[in-house]
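Examination of the molecular architecture
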Amino acid sequence: MFYKRVLLWLGVILPVVAGGRAAERPPVDAFFQNPEIASPVVSPDGKHIAFLSPVKDKMSVILFDLTTGKVEPIVHAFDGDITEIFWKGDDRIVFSADPNGRESRAIMVVHVSTKSIQFLAENFRENRPGAAFASLVDHLPFDATHILVYGRAAADSWHEGLFTINLLTAERNRIYGDDPETSHWAADGNGEVRYRTRQDGDRTIHEGRADRSNSWIPIAECGGGIGADNSPVRYHGFSADNHTIYLTKADDEGRDALYAYDPKARQWGAPLFQSELGGIAAVRLSWDHSRLEGVDYGPDGRKEKWFDPRLTKIAGILRAAFPAKFAVTILSSDRNENVFTVVVHGDLNPGEYYLLDLRGKAQFVQLGKRYPRISPDQLQPMTPIEY
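Residues numbered from 1 in each chain as written. Predicted model: local features only at pLDDT ≥ 70, side-chain atom pairs only at ≥ 80, totals over all residues. Heavy atoms only, no water.

Looking only at helices and strands, the chain has two helices and 28 strands in total. Looking at the chain residue by residue over its 387 residues, the buried ones come to 48%. Counting only contacts in the chain whose residues sit at least 6 apart along the sequence, the fraction spanning at least 24 positions is 37%. Summed over its atoms, the accessible surface of the chain is roughly 19,500 Å², and 51% of this surface lies on carbon and sulfur atoms. (Helix = DSSP H or I, 4+ residues; strand = E, 2+ residues; numbered from the N terminus. Buried < 20%, exposed > 50% of the residue type's maximum accessible area, 1.4 Å probe, protein only. Contact = heavy atoms within 4.5 Å. Areas by Shrake-Rupley, 256 points an atom, 1.4 Å probe, with all protein chains shown as cover.)

Taken together, Val28, Phe31 and Phe32 make up a surface patch of nonpolar side chains, about 380 Å² in accessible area. Its location among the elements puts Phe32 in the loop between α1 (4-13) and β1 (38-42). (Patch = residues over 30% accessible without salt bridge, like charges linked within 9 Å, V, L, I, M, F, W, Y side chains within 5 Å. Salt bridge = Lys/Arg side-chain N within 4 Å of Asp/Glu carboxyl O.)

Next up on the list: the confidence of the model for the chain. When the pLDDT values of the chain are averaged, the result is 88; 89% of them are 70 or greater. Throughout residues 11-23 the model reports pLDDT below 50, and contacts reaching past four residues in sequence, or to other chains, amount to 15 contacts. (pLDDT = per-residue confidence, 0-100.)

Moving on to the pattern of salt bridges. Two side chains with opposite charge may pair up if their charged atoms get near one another. Per the counting criterion, the structure on display carries 19 salt bridges. The salt bridge partner of Arg234 is Asp256, with a shortest N-O separation of 3.3 Å. Taken together, the residues span a long stretch of sequence, with Arg234 in strand β17 (residues 233-238) and Asp256 in strand β19 (residues 256-262) at a distance of 22 residues. Take Arg234: its relative accessible area is 27%, and that puts it in the partly exposed class. For Asp256, a relative accessible area of 5% gives the class buried. For Arg291, the salt bridge is made with Glu293, and the minimal N-O distance between the two is 2.7 Å. Residue Glu293 is classed as buried on the basis of its relative accessible area of 4%.

The next point concerns the side chain of Ser231. Structurally, Ser231 is set in the loop between β16 (217-222) and β17. At a separation of 3.2 Å, a polar atom in the side chain of Ser231 contacts the main-chain amide nitrogen of Val233. (Polar contact = N/O pair within 3.5 Å; in protein donor to acceptor, adjacent residues only side chain to side chain.)

Attention now moves to the sheet that holds β1. Pairing within the open sheet is antiparallel, and its four strands lie in the order β1-β2-β3-β4. Edge positions in the open sheet fall to β1 and β4 (71-75), since each of these has one partner strand only. Across this sheet, the average inter-strand angle for adjacent strands is 35 degrees, counted without regard to direction. (Pairing = 2+ DSSP bridges. Axes fitted to C-alpha atoms, helices over the stretch in contact; angles between N-to-C directions.)

Put into C-alpha coordinates, the structure is as follows:
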(Lines give C-alpha, C1' and ligand atoms only; values in the text may rest on other atoms or scores of the structure.)
Protein backbone atom coordinates (compact mmCIF):
# COMPACT_ATOMS: atom_id res chain seq x y z
CA MET A 1 0.00 0.00 0.00
CA PHE A 2 1.21 3.44 -0.93
CA TYR A 3 0.79 5.26 2.35
CA LYS A 4 3.62 7.68 1.67
CA ARG A 5 1.54 9.28 -1.04
CA VAL A 6 -0.84 10.95 1.40
CA LEU A 7 2.12 12.66 3.02
CA LEU A 8 3.36 13.77 -0.39
CA TRP A 9 -0.07 15.14 -1.27
CA LEU A 10 -0.28 17.06 1.97
CA GLY A 11 3.24 18.35 1.50
CA VAL A 12 2.55 19.60 -2.03
CA ILE A 13 -1.00 20.90 -1.72
CA LEU A 14 -0.68 22.06 1.87
CA PRO A 15 2.97 22.99 2.42
CA VAL A 16 4.20 22.39 5.93
CA VAL A 17 5.76 25.42 7.55
CA ALA A 18 8.53 24.51 9.92
CA GLY A 19 7.89 25.20 13.59
CA GLY A 20 9.77 27.93 15.36
CA ARG A 21 12.63 27.61 17.81
CA ALA A 22 11.87 27.12 21.48
CA ALA A 23 12.48 30.81 22.21
CA GLU A 24 9.97 31.97 19.58
CA ARG A 25 6.29 32.49 20.13
CA PRO A 26 3.92 30.87 17.67
CA PRO A 27 2.27 33.37 15.32
CA VAL A 28 -1.12 34.51 16.63
CA ASP A 29 -2.91 33.69 13.38
CA ALA A 30 -1.77 30.06 13.68
CA PHE A 31 -4.29 29.59 16.51
CA PHE A 32 -7.18 30.74 14.31
CA GLN A 33 -6.38 29.07 11.00
CA ASN A 34 -8.10 25.97 9.69
CA PRO A 35 -6.31 22.74 10.59
CA GLU A 36 -4.25 21.17 7.81
CA ILE A 37 -5.98 17.83 8.45
CA ALA A 38 -8.94 16.89 10.63
CA SER A 39 -11.47 14.12 11.31
CA PRO A 40 -9.86 11.17 9.49
CA VAL A 41 -12.31 8.28 9.44
CA VAL A 42 -11.91 4.78 7.97
CA SER A 43 -14.53 3.36 5.61
CA PRO A 44 -16.33 0.24 6.90
CA ASP A 45 -14.58 -1.96 4.30
CA GLY A 46 -11.16 -0.56 5.22
CA LYS A 47 -10.42 0.57 1.65
CA HIS A 48 -10.50 4.34 2.14
CA ILE A 49 -9.93 7.11 4.63
CA ALA A 50 -11.95 10.29 4.38
CA PHE A 51 -10.64 13.41 6.09
CA LEU A 52 -11.04 17.18 6.06
CA SER A 53 -8.35 19.49 4.73
CA PRO A 54 -8.36 23.02 3.30
CA VAL A 55 -8.62 23.48 -0.45
CA LYS A 56 -8.48 27.14 -1.47
CA ASP A 57 -8.79 28.01 2.24
CA LYS A 58 -12.04 26.06 2.76
CA MET A 59 -12.24 22.79 4.67
CA SER A 60 -13.13 20.15 2.08
CA VAL A 61 -13.61 16.38 1.97
CA ILE A 62 -10.50 14.46 0.85
CA LEU A 63 -10.48 10.77 -0.06
CA PHE A 64 -7.42 8.55 0.45
CA ASP A 65 -7.57 5.21 -1.38
CA LEU A 66 -5.58 2.72 0.72
CA THR A 67 -5.26 0.27 -2.18
CA THR A 68 -3.92 2.58 -4.89
CA GLY A 69 -2.52 5.39 -2.75
CA LYS A 70 -4.58 7.97 -4.68
CA VAL A 71 -5.52 11.08 -2.68
CA GLU A 72 -8.09 13.48 -4.11
CA PRO A 73 -10.57 16.14 -3.02
CA ILE A 74 -14.10 14.88 -3.68
CA VAL A 75 -16.13 17.73 -2.15
CA HIS A 76 -15.00 21.35 -2.12
CA ALA A 77 -16.86 23.98 -0.12
CA PHE A 78 -17.08 27.46 -1.66
CA ASP A 79 -18.86 29.62 0.93
CA GLY A 80 -18.13 27.81 4.18
CA ASP A 81 -16.08 25.10 5.86
CA ILE A 82 -17.18 21.49 6.02
CA THR A 83 -16.84 20.49 9.66
CA GLU A 84 -18.34 16.99 10.00
CA ILE A 85 -18.06 13.79 7.98
CA PHE A 86 -19.03 10.16 8.50
CA TRP A 87 -19.38 7.08 6.32
CA LYS A 88 -22.68 5.48 5.36
CA GLY A 89 -21.87 2.07 3.99
CA ASP A 90 -18.71 1.61 1.93
CA ASP A 91 -19.44 4.14 -0.80
CA ARG A 92 -21.15 7.20 0.68
CA ILE A 93 -19.94 10.00 2.94
CA VAL A 94 -22.36 12.31 4.72
CA PHE A 95 -20.99 15.77 5.43
CA SER A 96 -22.32 19.01 6.89
CA ALA A 97 -21.41 22.68 6.88
CA ASP A 98 -22.76 26.11 7.82
CA PRO A 99 -22.31 27.78 4.41
CA ASN A 100 -23.06 31.36 5.39
CA GLY A 101 -22.57 31.45 9.13
CA ARG A 102 -26.26 31.32 10.01
CA GLU A 103 -25.68 28.74 12.78
CA SER A 104 -27.89 26.31 10.84
CA ARG A 105 -26.21 23.38 9.19
CA ALA A 106 -26.73 22.02 5.69
CA ILE A 107 -26.43 18.23 5.36
CA MET A 108 -25.34 16.52 2.14
CA VAL A 109 -24.08 13.13 0.96
CA VAL A 110 -21.50 12.32 -1.72
CA HIS A 111 -21.42 9.03 -3.59
CA VAL A 112 -17.74 8.12 -3.67
CA SER A 113 -17.83 6.13 -6.92
CA THR A 114 -19.66 8.74 -8.99
CA LYS A 115 -18.77 11.93 -7.01
CA SER A 116 -22.46 12.88 -7.22
CA ILE A 117 -23.86 14.96 -4.35
CA GLN A 118 -27.36 14.82 -2.88
CA PHE A 119 -28.64 17.67 -0.71
CA LEU A 120 -30.44 16.26 2.33
CA ALA A 121 -31.15 19.33 4.47
CA GLU A 122 -30.81 23.04 3.82
CA ASN A 123 -29.67 25.61 6.31
CA PHE A 124 -31.39 28.91 7.03
CA ARG A 125 -30.53 31.60 4.52
CA GLU A 126 -31.61 35.21 4.56
CA ASN A 127 -33.07 34.84 1.10
CA ARG A 128 -34.80 31.56 1.89
CA PRO A 129 -36.52 31.62 5.30
CA GLY A 130 -38.62 28.56 4.34
CA ALA A 131 -35.60 26.27 3.93
CA ALA A 132 -36.07 22.57 4.64
CA PHE A 133 -33.72 22.69 7.62
CA ALA A 134 -32.90 19.72 9.82
CA SER A 135 -30.41 18.89 12.56
CA LEU A 136 -28.67 15.52 12.71
CA VAL A 137 -29.92 13.29 15.54
CA ASP A 138 -28.43 9.84 14.83
CA HIS A 139 -26.07 8.51 12.14
CA LEU A 140 -27.96 5.18 12.10
CA PRO A 141 -24.62 3.39 11.49
CA PHE A 142 -26.20 0.02 10.61
CA ASP A 143 -28.57 1.47 8.03
CA ALA A 144 -26.61 2.33 4.87
CA THR A 145 -29.32 4.51 3.30
CA HIS A 146 -30.89 6.61 6.08
CA ILE A 147 -30.03 9.13 8.79
CA LEU A 148 -32.23 10.41 11.63
CA VAL A 149 -32.90 14.16 11.84
CA TYR A 150 -35.15 16.67 13.57
CA GLY A 151 -36.49 19.48 11.41
CA ARG A 152 -39.13 20.61 8.95
CA ALA A 153 -41.30 18.17 7.06
CA ALA A 154 -40.42 19.91 3.77
CA ALA A 155 -39.41 23.25 2.32
CA ASP A 156 -41.81 26.07 3.25
CA SER A 157 -43.56 23.82 5.77
CA TRP A 158 -43.94 24.90 9.38
CA HIS A 159 -44.55 21.36 10.59
CA GLU A 160 -41.56 20.00 12.47
CA GLY A 161 -40.70 16.59 13.83
CA LEU A 162 -38.36 13.63 13.90
CA PHE A 163 -37.68 12.13 10.46
CA THR A 164 -35.51 9.62 8.68
CA ILE A 165 -33.98 10.96 5.46
CA ASN A 166 -33.32 8.65 2.54
CA LEU A 167 -29.78 9.30 1.25
CA LEU A 168 -30.74 8.29 -2.29
CA THR A 169 -33.86 10.40 -2.71
CA ALA A 170 -33.72 12.93 0.17
CA GLU A 171 -37.28 11.90 1.07
CA ARG A 172 -38.31 12.36 4.70
CA ASN A 173 -40.34 9.83 6.65
CA ARG A 174 -41.96 11.10 9.86
CA ILE A 175 -41.17 9.15 13.01
CA TYR A 176 -42.57 11.60 15.56
CA GLY A 177 -44.31 14.93 15.37
CA ASP A 178 -43.15 18.21 16.88
CA ASP A 179 -41.78 17.61 20.39
CA PRO A 180 -39.90 20.64 21.72
CA GLU A 181 -39.59 19.09 25.17
CA THR A 182 -37.32 16.28 23.92
CA SER A 183 -33.67 17.28 23.65
CA HIS A 184 -32.13 13.92 22.70
CA TRP A 185 -33.29 10.90 20.71
CA ALA A 186 -31.40 7.66 20.02
CA ALA A 187 -32.11 4.63 17.86
CA ASP A 188 -31.14 1.00 18.38
CA GLY A 189 -29.22 -1.08 15.83
CA ASN A 190 -32.39 -1.64 13.79
CA GLY A 191 -33.02 2.08 13.52
CA GLU A 192 -35.94 2.04 15.96
CA VAL A 193 -36.06 5.11 18.23
CA ARG A 194 -36.01 3.65 21.73
CA TYR A 195 -34.29 6.20 23.93
CA ARG A 196 -34.99 9.86 24.59
CA THR A 197 -34.29 12.64 27.07
CA ARG A 198 -36.99 15.22 27.68
CA GLN A 199 -37.63 18.16 29.95
CA ASP A 200 -40.63 18.31 32.28
CA GLY A 201 -40.49 21.61 34.15
CA ASP A 202 -37.24 21.55 36.08
CA ARG A 203 -36.88 17.78 35.72
CA THR A 204 -34.76 16.04 33.09
CA ILE A 205 -36.34 12.65 32.35
CA HIS A 206 -34.54 9.81 30.61
CA GLU A 207 -36.91 7.31 28.98
CA GLY A 208 -36.67 4.09 27.02
CA ARG A 209 -38.92 1.41 25.58
CA ALA A 210 -38.57 -2.33 25.13
CA ASP A 211 -39.50 -2.18 21.42
CA ARG A 212 -41.29 0.06 18.95
CA SER A 213 -44.74 -1.11 20.08
CA ASN A 214 -44.19 -0.34 23.76
CA SER A 215 -44.84 2.87 25.64
CA TRP A 216 -42.05 5.07 26.94
CA ILE A 217 -41.03 4.21 30.50
CA PRO A 218 -38.83 6.32 32.81
CA ILE A 219 -35.23 5.21 33.30
CA ALA A 220 -33.96 8.09 35.44
CA GLU A 221 -35.00 11.57 36.56
CA CYS A 222 -32.69 14.44 37.45
CA GLY A 223 -33.63 17.73 39.05
CA GLY A 224 -32.46 21.26 38.50
CA GLY A 225 -33.54 21.70 34.90
CA ILE A 226 -29.99 21.14 33.67
CA GLY A 227 -30.86 19.42 30.38
CA ALA A 228 -29.53 16.31 28.64
CA ASP A 229 -26.01 17.57 27.91
CA ASN A 230 -25.12 18.11 31.56
CA SER A 231 -27.34 15.48 33.13
CA PRO A 232 -25.63 13.08 35.58
CA VAL A 233 -27.10 10.27 33.44
CA ARG A 234 -25.76 9.97 29.89
CA TYR A 235 -26.52 7.63 27.00
CA HIS A 236 -23.72 5.72 25.21
CA GLY A 237 -25.42 3.28 22.86
CA PHE A 238 -27.31 0.02 22.41
CA SER A 239 -25.72 -3.42 22.36
CA ALA A 240 -25.77 -5.42 19.13
CA ASP A 241 -28.77 -7.51 20.24
CA ASN A 242 -30.63 -4.29 21.17
CA HIS A 243 -31.43 -5.69 24.62
CA THR A 244 -29.02 -3.47 26.54
CA ILE A 245 -28.56 0.29 26.79
CA TYR A 246 -25.17 1.48 28.03
CA LEU A 247 -25.54 4.42 30.42
CA THR A 248 -23.22 6.30 32.75
CA LYS A 249 -24.38 7.89 35.98
CA ALA A 250 -22.43 10.35 38.13
CA ASP A 251 -22.45 10.45 41.92
CA ASP A 252 -22.43 13.63 44.03
CA GLU A 253 -18.63 13.85 43.66
CA GLY A 254 -18.81 13.82 39.86
CA ARG A 255 -17.46 10.27 39.56
CA ASP A 256 -19.11 8.27 36.81
CA ALA A 257 -20.06 4.60 36.79
CA LEU A 258 -20.93 2.59 33.68
CA TYR A 259 -24.08 0.45 33.70
CA ALA A 260 -25.97 -1.89 31.40
CA TYR A 261 -29.69 -1.11 31.52
CA ASP A 262 -32.31 -3.65 30.40
CA PRO A 263 -35.32 -1.73 28.99
CA LYS A 264 -37.51 -4.85 28.84
CA ALA A 265 -36.94 -5.82 32.49
CA ARG A 266 -36.62 -2.13 33.48
CA GLN A 267 -33.51 -2.94 35.49
CA TRP A 268 -30.11 -1.36 36.05
CA GLY A 269 -27.29 -3.89 36.21
CA ALA A 270 -24.37 -3.76 38.60
CA PRO A 271 -21.65 -1.20 37.72
CA LEU A 272 -19.44 -2.44 34.89
CA PHE A 273 -16.79 0.18 35.64
CA GLN A 274 -16.40 2.87 38.28
CA SER A 275 -14.22 5.94 37.75
CA GLU A 276 -12.40 6.81 40.94
CA LEU A 277 -11.75 10.36 39.79
CA GLY A 278 -13.76 12.36 37.28
CA GLY A 279 -16.29 11.32 34.69
CA ILE A 280 -16.40 8.82 31.86
CA ALA A 281 -15.80 10.76 28.66
CA ALA A 282 -16.50 7.94 26.20
CA VAL A 283 -17.72 4.35 26.19
CA ARG A 284 -16.06 2.30 23.44
CA LEU A 285 -18.09 -0.41 21.74
CA SER A 286 -16.86 -2.68 18.96
CA TRP A 287 -17.76 -1.58 15.42
CA ASP A 288 -20.84 -3.85 15.42
CA HIS A 289 -21.65 -3.09 19.11
CA SER A 290 -21.31 -6.77 20.01
CA ARG A 291 -18.58 -6.10 22.61
CA LEU A 292 -17.94 -3.50 25.28
CA GLU A 293 -14.28 -2.71 24.58
CA GLY A 294 -13.30 0.09 26.94
CA VAL A 295 -13.85 3.53 28.43
CA ASP A 296 -12.06 6.89 28.43
CA TYR A 297 -12.27 8.52 31.84
CA GLY A 298 -10.66 10.83 34.38
CA PRO A 299 -10.77 14.60 34.97
CA ASP A 300 -9.64 15.34 31.40
CA GLY A 301 -10.92 12.11 29.79
CA ARG A 302 -7.41 10.95 28.87
CA LYS A 303 -7.23 7.81 30.98
CA GLU A 304 -8.20 4.53 29.36
CA LYS A 305 -9.51 1.22 30.60
CA TRP A 306 -9.74 -1.55 28.01
CA PHE A 307 -11.84 -4.67 28.60
CA ASP A 308 -11.10 -6.31 25.24
CA PRO A 309 -7.74 -8.22 25.24
CA ARG A 310 -6.90 -7.44 21.60
CA LEU A 311 -7.63 -3.72 21.98
CA THR A 312 -5.67 -3.73 25.23
CA LYS A 313 -2.63 -4.97 23.31
CA ILE A 314 -3.11 -2.53 20.42
CA ALA A 315 -3.58 0.42 22.77
CA GLY A 316 -0.47 -0.60 24.71
CA ILE A 317 1.63 -0.64 21.54
CA LEU A 318 0.32 2.79 20.55
CA ARG A 319 0.86 4.17 24.04
CA ALA A 320 4.48 2.97 24.10
CA ALA A 321 5.23 4.74 20.82
CA PHE A 322 4.76 8.26 22.26
CA PRO A 323 5.79 10.22 25.34
CA ALA A 324 3.56 9.70 28.36
CA LYS A 325 2.64 13.42 28.36
CA PHE A 326 0.65 12.93 25.14
CA ALA A 327 -2.79 11.37 24.91
CA VAL A 328 -3.23 8.66 22.27
CA THR A 329 -6.81 8.11 21.09
CA ILE A 330 -8.26 5.69 18.55
CA LEU A 331 -10.72 7.66 16.41
CA SER A 332 -12.20 5.14 13.97
CA SER A 333 -11.82 1.67 12.52
CA ASP A 334 -13.10 -0.54 9.73
CA ARG A 335 -15.80 -3.10 10.53
CA ASN A 336 -13.18 -5.83 11.10
CA GLU A 337 -11.13 -3.57 13.39
CA ASN A 338 -7.90 -4.04 11.46
CA VAL A 339 -7.50 -0.47 10.15
CA PHE A 340 -7.54 2.44 12.58
CA THR A 341 -7.12 6.19 12.60
CA VAL A 342 -5.39 7.56 15.68
CA VAL A 343 -4.83 11.04 17.10
CA VAL A 344 -1.93 12.00 19.38
CA HIS A 345 -2.48 15.23 21.30
CA GLY A 346 -1.90 17.07 24.56
CA ASP A 347 -0.93 20.38 26.14
CA LEU A 348 2.34 20.31 24.21
CA ASN A 349 0.99 18.77 21.01
CA PRO A 350 -1.74 20.45 18.91
CA GLY A 351 -2.54 17.12 17.32
CA GLU A 352 -1.03 14.54 14.95
CA TYR A 353 -3.06 11.98 13.00
CA TYR A 354 -1.87 8.45 12.23
CA LEU A 355 -2.97 5.38 10.31
CA LEU A 356 -2.53 1.91 11.81
CA ASP A 357 -3.08 -0.98 9.39
CA LEU A 358 -2.83 -4.48 10.84
CA ARG A 359 -3.64 -6.35 7.62
CA GLY A 360 -0.60 -8.39 6.66
CA LYS A 361 2.58 -6.65 7.79
CA ALA A 362 1.56 -3.98 10.30
CA GLN A 363 2.04 -0.40 9.11
CA PHE A 364 1.89 2.73 11.24
CA VAL A 365 2.31 6.04 9.41
CA GLN A 366 1.59 9.68 10.11
CA LEU A 367 -1.22 11.16 8.05
CA GLY A 368 -0.42 14.73 9.04
CA LYS A 369 -0.23 17.36 11.74
CA ARG A 370 -3.27 19.38 12.69
CA TYR A 371 -1.40 22.69 13.02
CA PRO A 372 2.10 22.26 11.54
CA ARG A 373 2.97 25.95 12.07
CA ILE A 374 2.85 25.45 15.83
CA SER A 375 5.87 23.67 17.28
CA PRO A 376 5.53 21.70 20.55
CA ASP A 377 8.60 23.65 21.76
CA GLN A 378 6.50 26.82 21.65
CA LEU A 379 3.77 25.48 23.96
CA GLN A 380 3.49 25.28 27.74
CA PRO A 381 1.59 22.82 29.95
CA MET A 382 -1.91 23.99 30.87
CA THR A 383 -2.66 24.70 34.50
CA PRO A 384 -6.15 24.65 36.00
CA ILE A 385 -7.83 27.92 36.95
CA GLU A 386 -8.99 28.04 40.54
CA TYR A 387 -11.92 30.21 41.54
